[in-house]
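# What the coordinates show
Spelled out from the first residue to the last, the chains are:
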Number of protein chains: 2
Amino acid sequence: MAYRRTERVVARFNARREAIVEAAKELAAEAGMEAVQIAQVAARANIAAGTVYRYFPSKNELVAALVEGIAARELAVMRHAAMVAPGPLSALAAAIVTFAARSRRQHKLIWAVLAEPVDHDIGALRISCRKTLAAEFEARIAAAIAGANLPEQDSALTSVALLGALLEGLVGPLAPEPGDDWKMRDSVQALTLNALRGLGVVDARARGLVVQAAWPKEAAA
Amino acid sequence: MAYRRTERVVARFNARREAIVEAAKELAAEAGMEAVQIAQVAARANIAAGTVYRYFPSKNELVAALVEGIAARELAVMRHAAMVAPGPLSALAAAIVTFAARSRRQHKLIWAVLAEPVDHDIGALRISCRKTLAAEFEARIAAAIAGANLPEQDSALTSVALLGALLEGLVGPLAPEPGDDWKMRDSVQALTLNALRGLGVVDARARGLVVQAAWPKEAAA
DNA sequence: ATGAAGCGCGAATCATGGTTCATTCCTTGG
DNA sequence: CCAAGGAATGAACCATGATTCGCGCTTCAT
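The rules behind each value
- Residues numbered from 1 in each chain as written.
- Chains lettered and ligands numbered in written order.
- Predicted model: local features only at pLDDT ≥ 70, side-chain atom pairs only at ≥ 80, totals over all residues.
- Heavy atoms only, no water.
- Least-squares fit on C-alpha atoms with pLDDT ≥ 70 in both.
- Contact = heavy atoms within 4.5 Å.
- Helix = DSSP H or I, 4+ residues; strand = E, 2+ residues; numbered from the N terminus.
- Expected span 1.5 Å × (residues − 1).
- Buried < 20%, exposed > 50% of the residue type's maximum accessible area, 1.4 Å probe, protein only.
- Polar contact = N/O pair within 3.5 Å; in protein donor to acceptor, adjacent residues only side chain to side chain.
- Buried area = accessible area lost by both parts, 1.4 Å probe.
- Salt bridge = Lys/Arg side-chain N within 4 Å of Asp/Glu carboxyl O.
- Core = buried A, V, L, I, M, F, W, Y, C linked by side-chain atoms within 4.5 Å.
- Domains from an automatic or database assignment.
- Axes fitted to C-alpha atoms, helices over the stretch in contact; angles between N-to-C directions.
- Parallel < 35°, antiparallel > 145°, perpendicular 65-115°, else oblique.
- Left-handed = near helix turned anticlockwise from the far one by under 90°.
- Nonpolar A, V, L, I, M, F, W, Y, C, P; charged D, E, K, R; others polar.

Attention now goes to the relation of the copies chain A and chain B. With an RMSD of 0.1 Å, the fit of chain A onto chain B corresponds to turning through 180° and sliding 0.0 Å along the axis. The two molecules are tied by a two-fold rotation axis, judged by turn and shift. The residues that chain A uses at the interface reappear at the interface of chain B in 100% of cases, marking a shared surface.

Within the element layout of this structure, Glu68(B) appears in helix 4 (residues 59–83). As for Glu68(B) and Ala175(B), which are separated by 107 residues in sequence, their C-alpha atoms are 24 Å apart.

Another point: helix 8 (residues 155–171) of chain A. Residues and elements named next belong to chain A. With 17 residues, helix 8 extends 23 Å between its outermost C-alpha atoms, agreeing within 8% with the 24 Å of an ideal straight helix rising 1.5 Å per residue. Counting buried positions along helix 8 yields 16 of 17 residues, so the element is predominantly enclosed. Of the residues flanking the start of helix 8, the one acting as N-cap is Asp 154, its side-chain oxygen 3.2 Å from the backbone nitrogen of Ala 156.

Interfaces are often sized by the accessible area lost when the parts come together. Contact with chain A, which involves 30 residues of that partner, is made by 30 residues of chain B. Between chain A and chain B, a total of about 2600 Å² is buried, with carbon and sulfur atoms accounting for 69% of that surface. Broken down residue by residue, the surface that chain A buries against chain B is led by Leu157(A), Leu174(A) and Arg197(A), which jointly contribute 24%. Along the contact surface separating chain A from chain B lie 2 salt bridges. Residue Glu168(B) pairs with Arg130(A) through a salt bridge whose shortest N-O separation is 2.3 Å. Taken together, chain A and chain B are joined by 8 residue pairs in polar contact (both at pLDDT 80 or more).

With that settled, consider the nonpolar core. Across soluble globular proteins, nonpolar side chains show a tendency to be buried alongside one another. Of all hydrophobic cores here, the largest spans 145 residues; its most connected members are Phe137(A), Leu150(A), Leu166(A), Phe137(B), Leu150(B) and Leu166(B). Those residues in contact with Phe137(B) that lie beyond four places of it in its chain are Met78(B), Leu92(B), Ala95(B), Ile96(B), Phe99(B), Ser159(B), Leu162(B), Leu163(B) and Leu166(B).

Right, let's get into the domain arrangement of chain A. All names here are of chain A. The domains assigned to chain A are domain 1 (1–57) and domain 2 (59–212). Tallying the contact residues gives 19 residues for domain 1 and 16 residues for domain 2. Together, the buried faces of domain 1 and domain 2 total about 1300 Å²; carbon and sulfur atoms form 77% of this surface. Of all residues in domain 1, the largest losses of buried area upon contact with domain 2 belong to Lys 25, Met 33 and Phe 56, amounting jointly to 40% of the total for that side. At the boundary of domain 1 and domain 2, one finds 0 salt bridges. On the surface where domain 1 and domain 2 come into contact, there are 2 residue pairs in polar contact (both at pLDDT 80 or more). Taken together, the elements giving at least two residues each to the side of domain 1 that touches domain 2 come down to helix 1 (7–31), helix 2 (38–44) and helix 3 (49–55).

What follows concerns the packing of helix 8 of chain A against helix 9 (residues 181–199) of chain A. All names here are of chain A. In contact at an axis separation of 11 Å, helix 8 and helix 9 are set at 160° when each is read in the N-to-C sense. Between helix 8 and helix 9, the interaxial angle falls into the category roughly antiparallel. Considering how the two elements wind past one another, helix 8 and helix 9 form a crossing that is right-handed. Residues Thr 158, Leu 162, Ala 165, Leu 166, Gly 169 and Leu 170 of helix 8 form the contact with helix 9, whose participating residues are Ser 187, Val 188, Leu 191, Ala 195 and Leu 199. Residues belonging to the contact of helix 8 with helix 9 are distributed by class as follows: 8 nonpolar, 3 polar and no charged.

Here it is in structure tokens:
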């Protein structure tokens with residue numbers, strides 16, 4: 001026998017699999033989803049097209065791995081930011097500003113993953129990712145309502161709208177071109193303020209200052 | 001000679017051209033952009049595939065006609081609603097609620113036209129449509145700021161976010177399934193309130209009542 | 001060292017869907 | 001009514017991009 005599941009072999013397998021996803025991620029971040037083609041991904045990863053199929057049964061599986069990876073990462077960072085906040089409202093603000101800031105930084109990638117045209121099968125996966133992100137917001141909003149920090153409202157609806165506002169305003173094609181760091185910080189600050197006010201925060205401006213202070217730490221990749 | 005540019009011929013040409021766009025629109029509204037294929041459009045319009053090319057030089061031109069038609073219509077209705085409003089803030093509220101209500105009703109079509117996956121060339125056209133809609137909101141917001149009805153803010157940014165919130169919250173795949181008329185009215189009402197508050201309207205609830213009253217008339221197709 | 005079992009290759013194949021064009025069908029002006 | 005020429009047809013064609021597969025090359029267990 002030969003080529004058993006020795007750990008050296010497994011390690012190499014995982015490493016190359018990772019490299020393929022990474023190549024796909026780079027392409028998505030640089031040129032959008034349409035550039036994520038097997039041939040290009042393979043070239044970027046220095047392998048042949050056919051080899052990709054030794055690691056993923058289909059292109060959709062590859063894209064799924066990419067999308068889920070990004071979504072899971074962003075969700076984790078958002079959760080962490082919310083977790084270290086002192087109260088429900090601060091947690092909500094932290095989740096919003098964290099998502100906003102990171103999305104602004106990685107806008108091409110986030111757009112590609114969450115909103116850009118793809119195959120029908122991927123569409124469904126993407127919807128579930130958006131749903132997950134929206135659910136995170138919803139949980140924070142619901143908690144704030146429960147704590148009487150926000151007025152009664154349909155949190156399912158407002159959380160989805162919140163996600164839409166952030167995506168469209170910060171990462172979509174209509175979003176202001178990403179300029180210097182300060183400009184980006186301003187837009188994140190402004191939209192966060194806008195969102196919090198919309199949810200019913202009365203002293204949103206004061207919260208905004210907290211947000212401002214939180215920026216440099218939270219925005220790190 | 002035969003077949004001169006007689007008006008009868010021209011009329012028939014226009015009618016069929018219109019029928020083709022209408023067929024495309026139906027398909028988009030029923031099954032999304034991916035169902036808008038030359039073969040299907042032709043079948044729906046009771047003509048052969050090749051015939052489509054006598055009316056449109058390419059599929060993109062056809063889709064462009066479809067998209068631009070929808071966008072122009074929605075924009076016109078929005079403008080009209082705003083025009084008959086008594087003041088800048090009411091005009092803004094009217095524009096928002098009109099767009100929201102109509103989008104909710106035609107959510108599949110609006111989604112297909114403004115957000116669903118398509119060919120790269122169409123992508124650019126779509127961006128310009130979204131830009132036009134956002135610009136309409138922006139003008140209303142700017143007017144309200146000028147009239148001291150809204151606090152100072154980056155209207156370009158908030159208008160885009162507003163569009164995103166409405167699209168995601170009311171027509172996107174995460175939007176609540178369109179139920180009975182009252183449910184839809186509630187969601188439109190809630191998001192409008194949310195949006196106005198976000199923009200800095202303090203008595204948003206009162207404005208919401210105006211919105212409520214305006215519904216039946218404005219929502220007509 | 002050796003050979004069995006995977007691996008990597010990349011040109012060929014397949015699927016999809018837009019576009020073309022030789023042929024046939026109609027409408028119109030006389 | 002007739003012929004001239006535009007309109008309609010739809011099967012064939014083409015472009016794109018995912019997927020397959022037979023052939024050598026590596027690596028591991030002995």
